[in-house]
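Commentary on secondary and tertiary structure
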Amino acid sequence: DTGYNAGTMEGENNIVYAGLSLSDITGKVIVINNAAAAFIACGVIQEHPTKGSAVKSFEGTFGTYPSYEGDYNTSGSVTVTAVDETLDGLKGYTVVEFDAEGLDPRCTGEAELTAGNACGVHVHTGTCTSTSTVGGHYYTGTSDPWAK
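Residues numbered from 1 in each chain as written. Predicted model: local features only at pLDDT ≥ 70, side-chain atom pairs only at ≥ 80, totals over all residues. Heavy atoms only, no water.

Now for the state of the cysteines. By the definition in use, this model includes 2 disulfides. Each sulfur in the disulfide pair Cys 42 and Cys 128 lies 1.9 Å from the other. Negative torsions about the S-S bond denote left-handed disulfides, and the value of about -80 degrees found for Cys 42 with Cys 128 makes this one left-handed. In this pair, Cys 42 sits in strand 5 (residues 39–44) while Cys 128 sits in the segment after strand 10 (120–124), placing the two residues 86 residues apart along the sequence. One disulfide in the model links Cys 107 with Cys 119; its S-S distance is 1.8 Å. Residues Cys 107 and Cys 119 share a disulfide whose torsion about the S-S bond is about -80 degrees; that sign makes it left-handed. Here the residue Cys 107 occupies a position in the loop between strand 9 (90–101) and strand 10, and Cys 119 occupies one in the loop between strand 9 and strand 10, the gap between them amounting to 12 residues. Each of the two residues, Cys 107 as well as Cys 119, counts as buried. Taken in N- to C-terminal order, the disulfide-linked cysteines of the protein chain are connected 1-4, 2-3. (Disulfide = S-S within 2.5 Å. Helix = DSSP H or I, 4+ residues; strand = E, 2+ residues; numbered from the N terminus. Buried < 20%, exposed > 50% of the residue type's maximum accessible area, 1.4 Å probe, protein only.)

This is how it looks when you write it as structure tokens:
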């Protein structure tokens with residue numbers, strides 16, 4: 001358990017009710033924050049159909065966030081899976097799983113984090129080409145499920 005969270009969820013499950021289908025997030029980006037909530041990594045989500053299964057997942061690789069010059073050289077992969085089942089009374093949810101190196105070591109399950117979005121993993125609206133194109137959290141509705 002790295003302590004990194006997907007939106008408001010911490011731990012191994014990384015389930016977020018973002019109101020998004022996989023087609024909604026195709027081409028969007030995953031952004032990873034450090035313990036101070038600074039953006040340290042970014043990657044594009046692309047379709048990756050799961051053979052022999054009704055469940056489809058999208059994958060992406062990520063690297064250093066545009067113009068990030070800090071101490072973390074983050075790289076790795078992310079898989080986003082949409083599940084059309086009911087969990088905790090809500091129909092349909094998104095599971096975010098990632099495998100990364102070079103994360104902020106302060107993002108452990110034991111650290112007390114005070115910055116909003118600290119150690120977060122979020123889907124964003126834009127691209128990873130520059131800081132001005134990454135955009136904000138991507139979701140439907142009026143409440144941001146990615147915010148802590």
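Moving on: the packing of aromatic side chains. Enumeration according to the criterion identifies 1 aromatic pair in this entry. Here Phe 39 and Tyr 65 contribute two aromatic rings whose centre-to-centre distance is 4.9 Å and whose plane-to-plane angle is 40 degrees, an arrangement assigned as tilted. With Phe 39 in strand 5 and Tyr 65 in the loop between strand 7 (57–64) and strand 8 (75–87), the pair connects residues that are 26 residues apart, well separated along the chain. Judged by its relative accessible area of 32%, Phe 39 falls in the partly exposed class. Residue Tyr 65 is classed as buried on the basis of its relative accessible area of 7%. The lysine or arginine in question, Lys 28, covers the ring of Tyr 138, its NZ or CZ lying 5.0 Å from the ring centre. (Phe/Tyr/Trp six-rings, centres within 6.5 Å; stacked < 30°, edge-to-face > 60°. Lys NZ or Arg CZ within 6 Å of the ring centre and 35° of its normal.)

This part covers the pattern of salt bridges. Inspection of the entire model under this criterion finds 1 salt bridge. Arg 106 is the partner of Asp 104 in a salt bridge, and the nearest nitrogen-oxygen pair spans 2.7 Å. Classification of Arg 106 by relative accessible area gives partly exposed; the value is 43%. (Salt bridge = Lys/Arg side-chain N within 4 Å of Asp/Glu carboxyl O.)

All right, on to the confidence of the model for the protein chain then. Per-residue confidence for the protein chain averages 74 on the pLDDT scale, and 69% of its residues sit at or above 70. Within the protein chain, strand 5 carries the highest mean pLDDT (89), whereas strand 2 (residues 9–10) carries the lowest (33). Segment residues 1–13 is flagged for pLDDT under 50; beyond a separation of four residues in sequence, or across chains, it makes 50 contacts in the model. (pLDDT = per-residue confidence, 0-100. Contact = heavy atoms within 4.5 Å.)

Attention now moves to the pairing of strand 4 (residues 29–33). In terms of residue burial, strand 4 counts as a mostly covered element, since 5 of its 5 residues are buried. With burial as the criterion, each face of strand 4 is covered, one bearing Val 29, Val 31 and Asn 33 and the other bearing Ile 30 and Ile 32. With 5 bridges connecting them, strand 4 and strand 5 associate as antiparallel partners. Each residue of the ladder has a partner; that of Val 29, found in strand 5, is Val 44. (Pairing = 2+ DSSP bridges.)

With that settled, consider the environment of Ala 35. Take Ala 35: it is sitting in the loop between strand 4 and strand 5. As a C-alpha pair, Ala 35 and Gly 120 span 85 residues in sequence and 8.4 Å in three-dimensional space. With residues up to four places along the chain from it excluded, the contact list for Ala 35 reads Asp 104, Arg 106, Cys 107, Leu 113, Ala 115, Ala 118 and Cys 119.

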